[in-house]
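# Chains, contacts and geometry: an overview
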There are 2 protein chains.
Amino acid sequence: MKKVIFAIFAAGALGASGAEYLTSPDGRLRAEVWTNDSGTPMYSLTFDGDTVVRPSRLGLLGDRYDFDRWFDIASTERSSADTVWRPVWGEFAEVRDNHNELAVLLREDMSRRTGNEVVAEKVPKEFVIRFRLFNDGLGFRYEFPNQGGWPYLRVKKELTEFNLPESPMMYCIPGDNNTDEYLWTIAPMDSLETAFRAYGNHTESNRLPELSVQTPLLMKMRTGRKDVKPLYVNIHEADLRDYGVLNLAVDTVANSLTSRVIEDKMGYVAYFELPFHTPWRTVMVADNAPGILASQLVYNLNEPCAIGDTSWIKPQKYVGVWWEMFLGDGRTWAYSDSITARPGTDYTRVKPNGRHAANAANVRRYIDFAAENGIPGVLVEGWNEGWEDWTSYRKNRHFDFTKAYPDFPVDSLTAYAASRGVKLIMHHETGANAADYDFQMDSAFRFMNRHGYEAVKTGYVGELIPRSENHGSQWFVDHVLRVAKKAADYHIMVDSHEAPRPTGLGRTYPNWMAQESARGTEFEAMQGNPPYHTTVLPFTRLKGGPMDYTPGIFEPRMSTYGGQYTHNCGTTLARQLALYLTMPSPFQMVCDLPENYRKHPDAFEFIKAVPVDWKDSRYIAAEPGDYITVARQDKHSDDWYVGAITDENAREAEIPLDFLTPGVTYEATIYADAPDADWQTNPVAYRISTKKVTSRSRLRQRLAPGGGCAIRLVPLPR
Amino acid sequence: MKKVIFAIFAAGALGASGAEYLTSPDGRLRAEVWTNDSGTPMYSLTFDGDTVVRPSRLGLLGDRYDFDRWFDIASTERSSADTVWRPVWGEFAEVRDNHNELAVLLREDMSRRTGNEVVAEKVPKEFVIRFRLFNDGLGFRYEFPNQGGWPYLRVKKELTEFNLPESPMMYCIPGDNNTDEYLWTIAPMDSLETAFRAYGNHTESNRLPELSVQTPLLMKMRTGRKDVKPLYVNIHEADLRDYGVLNLAVDTVANSLTSRVIEDKMGYVAYFELPFHTPWRTVMVADNAPGILASQLVYNLNEPCAIGDTSWIKPQKYVGVWWEMFLGDGRTWAYSDSITARPGTDYTRVKPNGRHAANAANVRRYIDFAAENGIPGVLVEGWNEGWEDWTSYRKNRHFDFTKAYPDFPVDSLTAYAASRGVKLIMHHETGANAADYDFQMDSAFRFMNRHGYEAVKTGYVGELIPRSENHGSQWFVDHVLRVAKKAADYHIMVDSHEAPRPTGLGRTYPNWMAQESARGTEFEAMQGNPPYHTTVLPFTRLKGGPMDYTPGIFEPRMSTYGGQYTHNCGTTLARQLALYLTMPSPFQMVCDLPENYRKHPDAFEFIKAVPVDWKDSRYIAAEPGDYITVARQDKHSDDWYVGAITDENAREAEIPLDFLTPGVTYEATIYADAPDADWQTNPVAYRISTKKVTSRSRLRQRLAPGGGCAIRLVPLPR
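For clarity, every value in this text was computed on a predicted model and none was experimentally measured.

Cut-offs applied
- Along every chain, residues carry numbers that run from 1 in the direction the sequence is written.
- Key to labels: chains lettered from A, ligands numbered from 1, both in the order written.
- Where totals are concerned, whole chains, interfaces and linings use all residues; where local detail is concerned, this predicted model gives features only for residues with pLDDT of at least 70, and gives and counts side-chain atom pairs only at 80 or more.
- In computing side-chain properties, one takes all heavy atoms of the structure into account and sets aside hydrogens as well as water.
- Throughout, the protein atoms alone are placed on a 1 Å grid, and a set of points is a cavity if a 1.4 Å probe fits but cannot get out or a pocket if it is open with protein on both sides within 12 Å along at least five of seven lines; lining residues have an atom within 4 Å of a point.
- Grid points are joined across faces, edges and corners, and a volume is the space filled by probe spheres set on the points.
- Put simply, DSSP marks the helices as runs of H or I at least four residues long and the strands as runs of E at least two long, and each gets a number from the N terminus on.
- Put simply, Ala, Val, Leu, Ile, Met, Phe, Trp, Tyr, Cys and Pro go in the nonpolar bin, Asp, Glu, Lys and Arg in the charged bin, and everything else, Gly too, in the polar bin.
- Classification of residues uses two cut-offs on accessible area relative to the type maximum, computed with a 1.4 Å probe and protein chains only: under 20% is buried, over 50% is exposed, and between them is partly exposed.
- DSSP-based pairing: two strands are paired if at least 2 bridges between them are found.
- In this comparison the copies share one frame, found by least squares on the C-alpha atoms of residues holding pLDDT of at least 70 in both.
- When checking whether two residues touch, look at their non-hydrogen atoms; a contact exists if any pair is within 4.5 Å.
- Buried area is a sum: the accessible area each of two parts loses on coming together, probed at 1.4 Å, counted once for each and added.
- A pair is scored as a salt bridge if a Lys or Arg side-chain nitrogen falls within 4 Å of a carboxyl oxygen belonging to Asp or Glu.
- Polar contacts, as used here, are pairs of N or O atoms within 3.5 Å; protein pairs need one atom able to donate a hydrogen and one able to accept it. Residues neighboring in sequence count only if both atoms are side-chain atoms.
- In this description, a line fitted to the C-alpha atoms serves as the axis of each element, helices being fitted only across the stretch in contact, and the angle between N-to-C directions of two axes falls anywhere from 0 to 180 degrees.
- Here is the rule for angles: anything less than 35 degrees is roughly parallel, anything more than 145 is roughly antiparallel, 65 through 115 is roughly perpendicular, and the remaining ranges are oblique.
- Note on convention: the crossing is left-handed when the near helix lies turned anticlockwise from the far helix by less than a right angle, right-handed when the turn is clockwise.

### Quick notes on empty space enclosed by the protein
Applying the stated criterion across every chain yields a total of 14 cavities of 30 Å³ or more. When its volume is computed, the largest cavity comes out at roughly 290 Å³. What lines the largest cavity is a set of 29 residues, and nearest its centre among them are A:Gly90, A:Glu91, A:Tyr299, A:Leu542 and A:Pro546. For the lining of the largest cavity, the secondary-structure elements that each account for two or more residues are α3 (297-300) and β33 (614-623) of chain A. Looking at the lining of the largest cavity residue by residue, the class counts come to 18 nonpolar, seven polar and four charged. Forming the walls of the second largest cavity are 18 residues, and the residues nearest its centre are B:Glu91, B:Tyr299, B:Leu542, B:Pro546 and B:Pro584. Partitioned by chemical class, the residues of the lining of the second largest cavity number eleven nonpolar, five polar and two charged.

The following block contains the structure:
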């Protein structure tokens, strides 16, 4: 592992007009940092000399002290690093962290303090802004060292600007205190307001009052010129802890984005004590769309793995007693229809509704199916007391995480799973009562240890308790992190739903395998996700960490109870196979019913074989909103896999196989849309073919409207 | 145990004009219940025919449904009970519960619904008001059975009135969202507003905006007549759970009190799901002051003991590393003066301040002192990481309840205590971060079990996290109860400070031994408590459960670090002995420094001997704000003890000993103020004398200004 660090300490400013410069290792990105006439820290960013971010302000406002004006650059610290680290799981076995760093120490000019500042301190305020420039983008964060006699700050507003050189194409979802489960708007910034009117009120919506977008945000710029390629720019954050979630307020006149961090209901972004640092604000830049998909910038800005022995962390596929609850045939999470039944009720005296999915026989069916098909995990939702009524916020106790319904015999099901070589996966839906989950957590995790559950899917559907908190506020950000940390103490893997979207903490706490935090496959069952949805997610949501997208639909034609047709999912069957490549996750569901998989055992072979942990990944072709083609090498064999998806348009995917080992012949098994397949009219039609290929081969594969293809490449013995 | 229950079910109203009547078993109290022309439920209360409560409204307002008008009494249910129960600890070995009960079922007249009511239900709203009349007072509560299709209610306002027949003398503290640590105002209701101006802003104050008082409230009425004795009336609540704390808004023109329940910051009193009942609202009535002191009304309205095996619950006295932190000599809870040191810091690298009280040598001193004097417990405050800065609300992690400072060697101190037959008492100050305490509780209690700690003193100083909550709001009421319940699972006894004042739950969860929840002895050290303070507390604060008043001051002359005199505590030494009788608690501190006790070993003999659990209690004489004389019999021997205290006036206490067993001679050891003792000028001067007495004896004991006397009566062998 090559590791070269240079540290150069410099007092005072360098460069003309007091600006500091920082370049990426390859010199193509260049950041400039200075303070303007008001002593406001400023920065700008260029790529090959073209503006990515115009001069933009930095700073934040606290309840006692402001950090926005009257500062000078007192000193700087520079360093460089070029190291390689190994993730426990991911798209790559090794990740290179090559960056140049500039930390500017900003010191207040006390002579410029205005009258209404709290002049409690006889020493000037100080803070640091640390910049790191990689070849694939910029990261910067605010740091507050111990100073003076004040140990706290309540942050009221962060003032980070991203002033853009033009009105970019935005791939975004609207700013919201609580939910990120939106379809993607693809629109130029200056027509965003109109485009957002297309959103009705999502059940969980709590939209920010101002025009705003969430992060990760993708933008496409520099499209008007013929001499250069367009620029793809992703804004997100890394290492989010102790702070609210980053949204961005949009000024369509100035083509400007400004940090709009989610607050608690008391109006504060963060309560912090010194020393303190904010999350990194990240700006990924690439002149090709695959460059964004491949970027590991966010992970590179996170802390190394904090868990010593990671042998208990097992990437896996799983099936689950779950999908059936969405299929409109009346199967329930709840044991009964009695609204008075709740945790603590004597459920043996409650009349079962006869439609409870998590019953022993059904669970054993899924265990059998998993065992027969080499799938290690079985999730069971609806196993525990409380599902009859779990309305958030309006009641104080929702679930008991140690009390099973009468038809879910904990011990015998654990034993049955073990006898079949399968593990049951725990489910902790909290009804957004995070405070009660904090209280129950030790009992809940001890229960898991005692009964052989190694992984848990958590959920926070609804409005949060503590009632002062939003899903995006600091307290809840901290809550979900302490869940992951405590789970690690118990050797438990976590897949969190309705939690703040990930920001690369899967590097530091690799037991935190996946999150939902975007609109997933459950919406396919409920309404359908238009095919372009999954051609955007990898450019946005996935840049902070894996999504538990729960693919694997083999029957995309949805109907209600009674058989009345409602809609098709936005997919063909072959596309669902491809999603195992384009939506990679170390915790990956095989979502459909066993009976649907049994209808297409040949196609199911792909799902059985596809790995969930990768040695290498090659983004072959991509355009956000249109298509993605990616190849990945299994971490534990020499097999390669390819996935290609398209939007509602049919497309020819060009797939050069130059990633294969030269001189080796591979058998390619190609799972493709049938020629007449179409997500709207003929979604299930697929064709499987095989051919021998080498690194010189070039495949061309037609993708149906809303379709895709998946390829497995196995080296043949010589 | 005599147990006679009659239940009579009656449909329809009885009595003239549709009113229902209920009398106490002795017939002296009479309640009337009806609905007025608007269908508002009403009640009134008389004692010997004199009005105690004029016609007053009942009801409450919810967010969707109101329960205040358009109701009729649909049916009633009557029952009686005369039973005896045995508390695990208390003032009495047996308590009689003799009451008549009337439950009225109120049903909405749907034809009278107004337009803006949510007419979602096709069935009439229903609720029950249940009344119990005892010889010593009234209790009533609201009950909401399952009904219609609506399972929740958010209570916005409770409308319970107590309309009084005159402007009573009030013994009260001002209404407050957060704190009850106030001195008592004794003033007529119509001059309350003026009287309350005497209060500055207490550090923790969050005063209710309207003129209001807290409960327990004492009032004295019917003082203008010569033919009858005055009436003493205490308003409080019993069995407080799942609801905010009862305060009372005061209308000085109408001589009226109306429930003003503490809300969360979102503006709600309670979020409840059906079926649900509110706490009992209690109105103790007595025509003699001792009758209030002796009343067990609040306990009688609570649920029986919910803990099966209570053998691990041990009433006890305890000393503590605590008082010295208040004495102004610079001793600290904190290990260092470093504001950056906090839980997780490597404290071995932090410079100790040399004044940390909870160090091993000092703790051993207290263990030795306790062992030498037969005191089973030693509390240690400041043992754990976090004390350098525990400012509430403005930070997110305050303490770690499993990490000791470097100079507090957990294992060796546990071993030392065990070798001396003493138990260390744990301290969990939370800095009002109740949410974090919920998260740490299992770890904290496991730590206690592992290291031999059987009891914990908890604290919630400051502004609460969750930031949506007040100390008086439902969420926090529920928090402190779940602490007690979880502690019981771990066989841990609890003494909670800054928690909502008790409401008799010590009957149901007797491991919940005591609470502070009023202004205690720590204020003696800080400012002084005027002597009348403890002549009021037993009439008010103690009516819901014991107070950890922490008496035992042997050196009442306070000075700052460096020896400068500041003030005297509001007490003589002899009075401090008496407080062990007048402020009874199963968890009772011996607060002063060992060296101060060693100055007066003869007086200390009383504290060594005085029990903390009683077979019987006789309130011999009392007047709120003036004096209290009480005798109690040790539960575990035939000894009797007497305590008498006075306010700032010297007083002769008349003490007939007719509670002694006739025909037995007792040796009385009398610990009295010296003739020239005075709390302001000569507080330590005391005299000890002995005499032989019988049940026919009558003692007369002079109490100094701010003084008291304590008597131990031991039967002599025949």
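### Description of the pairing of strand β11 (residues 137-144) of chain B
All names here are of chain B. Counting buried residues along β11, eight of its eight residues qualify, which places the element largely inside the surrounding structure. Covered by surrounding structure in β11 are Gly137, Gly139, Arg141 and Glu143 together with Leu138, Phe140, Tyr142 and Phe144, the residues of both alternating faces. Direction of pairing for strand β10 (residues 126-134) relative to β11: antiparallel, over a ladder of seven bridges. If you follow Ile129 over to β11, its bridge partner there is Tyr142. Between the end of β10 and the start of β11, which pair antiparallel, lie two residues. Note that β11 and strand β23 (residues 280-286) share four bridges and pair antiparallel. Of the residues in β23, the one forming a bridge with Gly137 is Met284. Where β11 and strand β22 (residues 276-277) come together, two bridges link them in antiparallel fashion. Bridge pairing links Glu143 to His277 in β22.

### Section: the relation of the copies chain A and chain B
Screw-axis analysis of chain A against chain B gives a translation of 0.1 Å along the axis, an RMSD of 0.0 Å, and a rotation angle of 180°. Taken together, the turn and the small shift mark the pair as related by a two-fold rotation axis. Take the interface residues of chain A: 100% of them recur as interface residues in chain B, which is what a same-surface contact looks like.

### With respect to the interface of chain A and chain B
Each partner contributes residues to the interface: chain A has 42 residues there, and chain B has 42 residues. Both sides of the chain A and chain B interface together cover about 3,600 Å² of buried area, and 51% of this is carbon and sulfur. The three residues of chain A that bury the most area against chain B are A:Tyr152, A:Arg394 and A:Phe439, which together make up 23% of that side's buried surface. Summed over the shared surface of chain A and chain B, the result is eight salt bridges. Note that A:Asp442 and B:Arg446 form a salt bridge whose closest N and O atoms lie 3.5 Å from each other. Connecting chain A to chain B are 17 residue pairs in polar contact (both at pLDDT 80 or more). Of all elements in the fold, only β12 (152-158), β21 (270-273), α6 (434-450) and α7 (474-489) of chain A reach the threshold of two or more residues within the side of chain A that touches chain B. When its residues are assigned to classes, the side of chain A that touches chain B shows 16 nonpolar, eight polar and 18 charged.

### What to know about the packing of α6(A) against helix α6 (residues 434-450) of chain B
Taken N-terminus to C-terminus, the directions of α6(A) and α6(B) make an angle of 50°; their axes are 5 Å apart at the nearest point. With respect to α6(B), the element α6(A) is oriented oblique. Regarding α6(A) and α6(B), the two cross each other, and that crossing is right-handed. Side by side, α6(A) and α6(B) meet where A:Asp438, A:Phe439, A:Met441, A:Asp442, A:Ser443 and A:Arg446 of the first sit next to B:Asp438, B:Phe439, B:Met441, B:Asp442, B:Ser443 and B:Arg446 of the second.

### A short note on the pattern of salt bridges
Opposite charge on two side chains lets them pair, provided their charged atoms get close. Using the criterion set out here, one finds 107 salt bridges over all chains in the structure. The partner of B:Glu101 in a salt bridge is B:Arg132, and the shortest N-O contact between them spans 2.5 Å. With B:Glu101 in strand β9 (residues 95-108) and B:Arg132 in strand β10, the pair connects residues that are 31 residues apart, well separated along the chain. Here the two residues B:Glu101 and B:Arg132 agree in accessibility, since each one is buried. Among the salt bridges present, the one from B:Lys395 reaches B:Asp389, with a minimum N-O distance of 3.3 Å. Exposure remark for B:Lys395: the relative accessible area of 1% places this residue in the buried category. Here the salt bridges do not stand alone but share partners, grouping A:Glu101, A:Arg130, A:Arg132, A:Arg141 and A:Glu143 into one network.

### As for the side chain of B:Gln588
Residues and elements named next belong to chain B. With respect to the secondary-structure elements, Gln588 resides in strand β32 (residues 587-589). A residue is classified by how much of its surface remains accessible, and Gln588, at 1% relative accessible area, is buried. In this structure the side chain of Gln588 is engaged in a polar contact, spanning 3.0 Å, whose partner is the backbone oxygen of Met583. Setting aside chain neighbours within four positions, we find Gln588 in contact with Gln316, Lys317, Tyr318, Pro551, Tyr580, Met583 and Val612.

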